[in-house]
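# Structure assessment
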Amino acid sequence: MSIKYNADTKTFILQTDNSSYLMKISRYKNLLHLYYGRRIKDEDLDYLIRLQDRGFSPNPNEAGNDRTFSLDFLQQEFSTSGKGDYRSPGIELVNSDGSRIFSGKVSSYKIYKGKYCVKGMPSLRAVSKDKVDTLEIHLKDKVTGVEVILGYSVFEEKDIITRTARLVNNGKAPVRLERLMSATVDYRDSDYDLIYFSGRHMMERGFNRVAVENGIHSIGSTRGTSSHQYNPFAIICGKNTDEDRGDCYGYSLVYSGNFIFEAEKDQYGQLRVNMGINPAGFSFVIDEEEEFQAPELVLAFSDKGLTGLSHIYHDAFRENLCRSPYSKKQRPVLINSWEAAYFDFDEERILNIAKSSVDMGVELFVLDDGWFGKRDSDDCSLGDWTVNREKLPDGISGLSEKIHAMGLEFGLWIEPEMVSENSELFRAHPEWCLRAPGRPVTRGRAQLVLDLSREDVCEYLIETINSIVEDARIEYVKWDMNRSISDVWSGLFDKENQGETLHRYVLGLYHIMDEVILKHPEIIFCGCSGGGGRYDPAMLYYQPQIWCSDNTDAINRLKIQYGTSFAYPVNTMESHVSVCPNHQTGRTVPLNTRGIVAMDGILGYELDATKLNDEEKEECRKQVEFFKKHYSLISEGDYYRLTDPYSDRYVCAWQHVSKDKKKALVSLVITDKEGNDCQRYLKLKGLRSDTMYKVSGIKGKYSGALLMSAGIPVSCELREYESQSIVLKAVREK
Ligand code: DGJ
């Protein structure tokens, strides 16, 4: 068992192969956090708890005259509320008497094999070879009867502890919950940096590293989705932690709606981390005997630097998260119509593009936006999911058959969560969108958001999407979502329940995805929200790949994919080669580089293949061939960031290494160039020191030790934006 309770020290000990997590029941039955970090033994950590009479730090009643016990400075596993802990809390609620107090004391616990269950929301699952144990600790407020049950599932060999918190109202009156964090982790010191990923539409998941300072660092989303602006993933790491060395802690929330991550350095230089649903605009009425569960948080510790931490998440997300059988299968190389034609197409144009792409070796044609209703621009028809016969006289099934006759599979774009005011759906059901009474609507991309907190809307969408994907031969669906949510008010709730709307929207979305995506495992669903506006583990649970960004500029993509790689494996990032000058930035980059950058993900194309000349087509064909040849290395291997595009102006490089370390692929792009340039070397990573490798383009064979410490030269002949792929193969020693 990876979980133990030591009754002598009243300590819970959670052990993974390389980390330990300890907590203790205090003499007054508070649950105190003791330790999280490198693996230690079941030791008595009491000496770490230092009690002191501190000014303005109140003492709980049960401590009597003992002024040294205060929740104001002790590390806690889950904070109380309104009882003398003034740090950012794990819970806020309003009891039936109007008080805002929760005083949870340990009332019971349970240890069992297997994983706890998360109802209605995605979560990691144990696969056959995993050893997973679970601990549930009940914290009860005796006065109100409200209980918070903390859930910990330990994935022993994966170095992961998943967390959830469940509030159960065992009292005699409803309570209004205003905040319930999925987890709190209190650190004894605050000598850490915080790493988080921020951005905007078309420039997502930029890397930020800041020192933890006094006050609260808070990142999150209030846009209804996990957002382009901040990703629900953050890292707390030592000041000296780098890619290869040092301690780091990862926090990844399996949730697609509003989230918050807080890192608070308190008055005594201690650090509290909270992560969960964003309390802004959130409240939930919990009636007697009802409960509320916070989404799952995936917590990981690595003492092997940021690369080690990324590997933990990559392996777990690949193996334990995604439900699609495609997460382990080779995805087809696709060509998408969006940047090729936007809304301007008819069947002939689509068939011509598809036909021209056959020579490029692509395997799947995706028809993007514009195929339904009167959709010739982005201001109408969302909701009217009937084919536009003027553009496509034989309908989607007719088009799909013609595409299949060319030997290609067929994919389709949908944006089911939205409605245009200029649509039949809106005219029939104006009450189905989110909007507050008496207020003019707020438009985003000229569209409104359907109210997925309503059961009738969800059932309608399940039926509609299922018939779209079942009425034609469709192997791939791109599920888009193109605005941030506003005007949050749902026609079916009382005024006391309006704060539930956004979370219920997310639950409604998961319900739809359960009934549509999980019921069609033979179809690849690709997540999209204007590109990467909903790049989170919950979406990956349903969809094996996500359109990484609407920005297809290969040079901008280097930073976007770099940031994405900290938590998410390469085989989740859909990435396309598009034309130059690039439609978003106007930049011109060689086709080879566009291919190499797109292969740092799931390779695809997004261009008018009829406009490519024979030479370009041949180059694309070679890219597809290369990608397919190295598919398992790229998508299942270990990923190494060889450079940091924020600090290295000249070269951006990364490396895939097969799990058995016999093969590796190094990719590099020249991002800036100077005359009479310096000779640069790339130090490789992840190889076996004593194994000899052949390196493509370099004569001879070299040891892993040498390649990792002296590196390989970056050719000075490469010009700005040019790039290179280098393949390494272990030499079989006799
Ligand atoms: C946003 C997506 O990210 C694009 O790729 C494209 O599908 C458009 N929406 C279509 O409206």
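Residues numbered from 1 in each chain as written. Predicted model: local features only at pLDDT ≥ 70, side-chain atom pairs only at ≥ 80, totals over all residues. Heavy atoms only, no water.

### A few points about the sheet that holds strand β27 (residues 524-527)
Short version of the rule: The pairing criterion for strands is at least two bridges between them, as found by DSSP. Secondary structure elements follow DSSP: runs of H or I no shorter than four residues count as helices, runs of E no shorter than two count as strands, and numbering proceeds from the N terminus. The axes are straight lines fitted to the C-alpha atoms, using for helices just the contacting stretch, and the angles between their N-to-C directions are given from 0 to 180°.
Here we have eight strands rolled up into a closed barrel, ordered β21-β22-β23-β26-β27-β28-β29-β30, and parallel in their pairing. Within this sheet the neighbouring strands show an average axis-to-axis angle of 30°, counted without direction. Judged from the two bridges that link them, strand β28 (residues 545-547) and strand β29 (residues 573-578) form a sheet pairing that is parallel. Residue pairing in the sheet places Trp547 in a bridge with Glu574 of β29.

### A look at helix α9 (residues 554-564)
An α-helical turn contains 3.6 residues, so a residue and the one three or four places further along point in the same direction. Stated formally: We call a residue buried when its accessible area falls under 20% of the maximum for its residue type, exposed when it is over 50%, and partly exposed in between, using a 1.4 Å probe and counting protein chains only. Side-chain atoms alone can form a polar contact between residues adjacent in sequence; in general such a contact is a pair of N or O atoms within 3.5 Å, and within protein one must be able to donate a hydrogen while the other accepts it.
With ten of its eleven residues buried, α9 lies for the most part within the structure. Burial in α9 covers these residues: Ala554, Ile555, Asn556, Arg557, Leu558, Ile560, Gln561, Tyr562, Gly563 and Thr564. Put simply, Asp553 is the residue that caps the front of α9, since its side-chain oxygen is 2.7 Å from the backbone nitrogen of Ile555.

### Examining the environment of Thr552
As a reminder, the rule being used: Throughout, a residue-residue contact means that at least one pair of heavy atoms, one from each residue, lies within 4.5 Å.
Positionally, Thr552 belongs in the loop between β28 and α9. Assessed through its relative accessible area of 4%, Thr552 is described here as buried. Along the backbone, Thr552 and Met406 are 146 residues apart, and their C-alpha atoms lie at a distance of 27 Å. Excluding residues within four positions of it along the chain, Thr552 makes contact with Glu339, Trp547, Arg557, His576, Ser578, Asn582 and Gln584. Within polar-contact distance, the side chain of Thr552 engages the side chain of Asn582 at 3.0 Å.

### Description of the pairing of strand β30 (residues 602-606)
Counting buried residues along β30, five of its five residues qualify, which places the element largely inside the surrounding structure. By the alternation rule, side chains of β30 split into Ile602, Gly604 and Glu606 and Leu603 and Tyr605, which are all buried. Relative to β30, strand β21 (residues 334-336) runs parallel, the two sharing two bridges. By the bridge assignment for β30, Leu334 is matched with Gly604. Relative to β30, β29 is paired through five bridges, and the arrangement is parallel. Paired with Ser578 across the bridge in β30 is Glu606.

### Let's talk about the domain arrangement of the protein chain
Our working rule: A domain assignment, automatic or from a database, supplies the domain bounds used here. Buried area: the accessible surface (1.4 Å probe) lost by two parts on joining, summed over both. Salt bridges are defined by distance alone: a side-chain nitrogen of Lys or Arg within 4 Å of a carboxyl oxygen of Asp or Glu.
Domain assignment breaks the protein chain into domain 1 (3-321), domain 2 (325-636) and domain 3 (640-731). For domain 2 and domain 3, the distance between their C-alpha centroids amounts to 34 Å. Summed over the three residues of domain 2 that lose the most area to domain 3, namely Tyr562, Ile596 and Leu633, the buried surface amounts to 32% of that side. Along the contact surface separating domain 2 from domain 3 lie zero salt bridges.

### A short note on the packing of helix α6 (residues 455-471) against helix α7 (residues 501-516)
Under the convention used in this document: Here is the rule for angles: anything less than 35 degrees is roughly parallel, anything more than 145 is roughly antiparallel, 65 through 115 is roughly perpendicular, and the remaining ranges are oblique. What makes a crossing left-handed is the near helix being turned counterclockwise from the far one by less than a right angle; a clockwise turn instead makes it right-handed. As a working rule, the residues Ala, Val, Leu, Ile, Met, Phe, Trp, Tyr, Cys and Pro are called nonpolar, Asp, Glu, Lys and Arg charged, and the rest polar, with Gly in that last group.
Between α6 and α7, the shortest axis-to-axis distance is 10 Å and the interhelical angle comes to 30°. On the basis of the axis angle, α6 is roughly parallel to α7. The handedness of the crossing between α6 and α7 is right-handed. Along its contact with α6, which presents Cys458, Glu459, Leu461, Ile462, Ile465 and Asn466, the element α7 presents Gly508, His511, Ile512, Glu515 and Val516. Partitioned by chemical class, the residues of the contact of α6 with α7 number six nonpolar, three polar and two charged.

### Structural notes on the pattern of salt bridges
Evaluation of the coordinates by the stated rule reveals 61 salt bridges. Close ionic contact of Glu243 with Arg641 constitutes a salt bridge, the shortest N to O distance being 2.6 Å. Taken together, the positions of Glu243 in the loop between β14 (230-238) and β15 (248-253) and Arg641 in strand β31 (residues 638-641) put the pair 398 residues apart, joining distant regions of the chain. The exposure class of Glu243 is buried, given its relative accessible area of 14%.

### Overview of the site of the ligand
To keep it simple, the criterion reads: The rule for a residue being near a molecule or strand is that one of its heavy atoms must lie within 4 Å of it. Surface accessibility in these figures is a Shrake-Rupley result with a 1.4 Å probe; residues are shielded only by whichever protein chains are displayed.
Around the ligand, 13 residues are found, and the nearest of them are Asp368, Asp369, Lys478, Asp480 and Asp550. Note that an oxygen atom of the ligand is positioned 2.7 Å from one of the side-chain N or O atoms of Lys478. Within the side chain of Trp547, an N or O atom sits 3.4 Å from an oxygen atom of the ligand. In isolation the ligand offers 290 Å² of accessible surface; the protein chains occlude 98% of this area. Taken together, the residues that form the shell around the ligand break down as four nonpolar, three polar and six charged.

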